[in-house]
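What the coordinates show
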Amino acid sequence: IRTPKGQFRLLVIHPFHPTGKRRARSQRYLMDVLLKHPELFKGPTLLVGDFNATPWNAQYRRITRAFPLQSAMQGYSPTGSF
């Protein structure tokens, strides 16, 4: 996306919630795509979405360790969907 202050990449993710083997596999696959393609995070990048994962989910933790992300949930307790 180009703005008057420069350009940035917008990545949006919203995997299935991991209920059942097939959906859990799909969720892991989408998160693994981010990990396997670090070039997606070169330069200014905004990653948004509902990961359908808790902060202690293994793939989510690997993503937050691999890339310098700032969580919008920082300072808030995780809550369930309604």
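An account of the accompanying structure is given in this report. (Residues numbered from 1 in each chain as written. Predicted model: local features only at pLDDT ≥ 70, side-chain atom pairs only at ≥ 80, totals over all residues. Heavy atoms only, no water.)

Some details on the overall build of the protein
Heads up, the condition is: Secondary structure elements follow DSSP: runs of H or I no shorter than four residues count as helices, runs of E no shorter than two count as strands, and numbering proceeds from the N terminus. Only protein chains enter the area calculation, which uses a 1.4 Å probe; residues under 20% of their type maximum are buried, those over 50% are exposed, and those in between are partly exposed.
Broken down by element type, the protein carries 2 helices and 4 strands. For the protein, the sequential pattern of α-helices and β-strands runs β-β-β-α-β-α. The dimensions of the protein, computed from C-alpha atoms along their principal axes, are 45 × 30 × 20 Å. The proportion of buried residues among the 82 residues of the protein is 21%.

Quick look at the nonpolar core
Defined as follows: Working definition of a nonpolar core: buried Ala, Val, Leu, Ile, Met, Phe, Trp, Tyr and Cys residues. They are joined through side-chain atoms within 4.5 Å. Here, two residues are considered to be in contact whenever any of their heavy atoms come within 4.5 Å of each other.
Core analysis: the largest hydrophobic core is formed by 10 residues, namely Leu11, Ile13, Met31, Leu34, Phe41, Leu47, Phe51, Tyr60, Ile63 and Phe67. Elements represented by at least two residues in this core include exactly strand 3 (9–13), helix 1 (21–36) and helix 2 (58–66). With residues up to four places along the chain from it excluded, the contact list for Ile13 reads Leu30, Met31, Leu34, Leu47, Val48, Gly49, Asp50 and Phe51.

Section: a positive patch on the surface
We apply this condition: Two joining distances apply to patches: 9 Å for like charges and 5 Å for nonpolar side chains (Val, Leu, Ile, Met, Phe, Trp, Tyr), and every residue must have over 30% relative accessible area and no salt bridge. To be clear on the numbers: accessible area is Shrake-Rupley with a 1.4 Å probe, and residue cover counts the displayed protein chains and nothing else. Any carboxyl oxygen of Asp or Glu that lies within 4 Å of a side-chain nitrogen of Lys or Arg is treated as forming a salt bridge with it. In this tally, Asp and Glu contribute negative charge and Lys and Arg positive charge; neither His nor the terminal groups of the chain are included. Note on charges: their place is set at NZ of Lys, CZ of Arg, CG of Asp or CD of Glu.
A cluster of basic residues, Lys21, Arg22, Arg23, Arg25 and Arg28, forms a positive patch at the surface. By the element assignment, Arg23 lies in helix 1.

Some points on the packing of helix 1 against helix 2
For clarity, the cut-off: Geometry is summarised by axes, namely lines fitted to C-alpha atoms with helices restricted to the contacting stretch, and by angles between N-to-C directions that run from 0 to 180 degrees. In this scheme, roughly parallel covers angles under 35 degrees and roughly antiparallel covers those over 145, while 65 to 115 is roughly perpendicular and the rest are oblique. Handedness of a crossing is defined here by the sense of rotation of the near helix relative to the far one, left-handed for an anticlockwise turn of less than a right angle and right-handed for a clockwise turn. By the convention adopted, Pro, Cys, Tyr, Trp, Phe, Met, Ile, Leu, Val and Ala count as nonpolar, Lys, Arg, Asp and Glu as charged, and the other residues, Gly among them, as polar.
Here helix 1 crosses helix 2 at 15 degrees, and the two axes come no closer than 10 Å. Here helix 2 runs roughly parallel to helix 1, going by the angle between their axes. In this structure, helix 1 meets helix 2 at a crossing whose hand is left-handed. Here helix 1 contributes Arg28, Met31, Asp32, Leu34 and Leu35 to the contact with helix 2, which in turn contributes Gln59, Tyr60, Arg62, Ile63 and Ala66. The residue inventory of the contact of helix 1 with helix 2, partitioned by class, reads 6 nonpolar, 1 polar and 3 charged.

Remarks on helix 1
An α-helical segment advances 3.6 residues per turn. Residues three or four places apart therefore align on the same side. The condition that has to hold: What a helix should span is 1.5 Å times the count of its residues minus one.
Taking 1.5 Å per residue, 16 residues should reach 22 Å; helix 1 reaches 22 Å between its end C-alpha atoms and fits that length. Looking at the buried positions of helix 1, the neighbouring elements they touch are strand 3, strand 4 (45–49) and helix 2.

On their own, these measurements won't tell you what the molecule is for.
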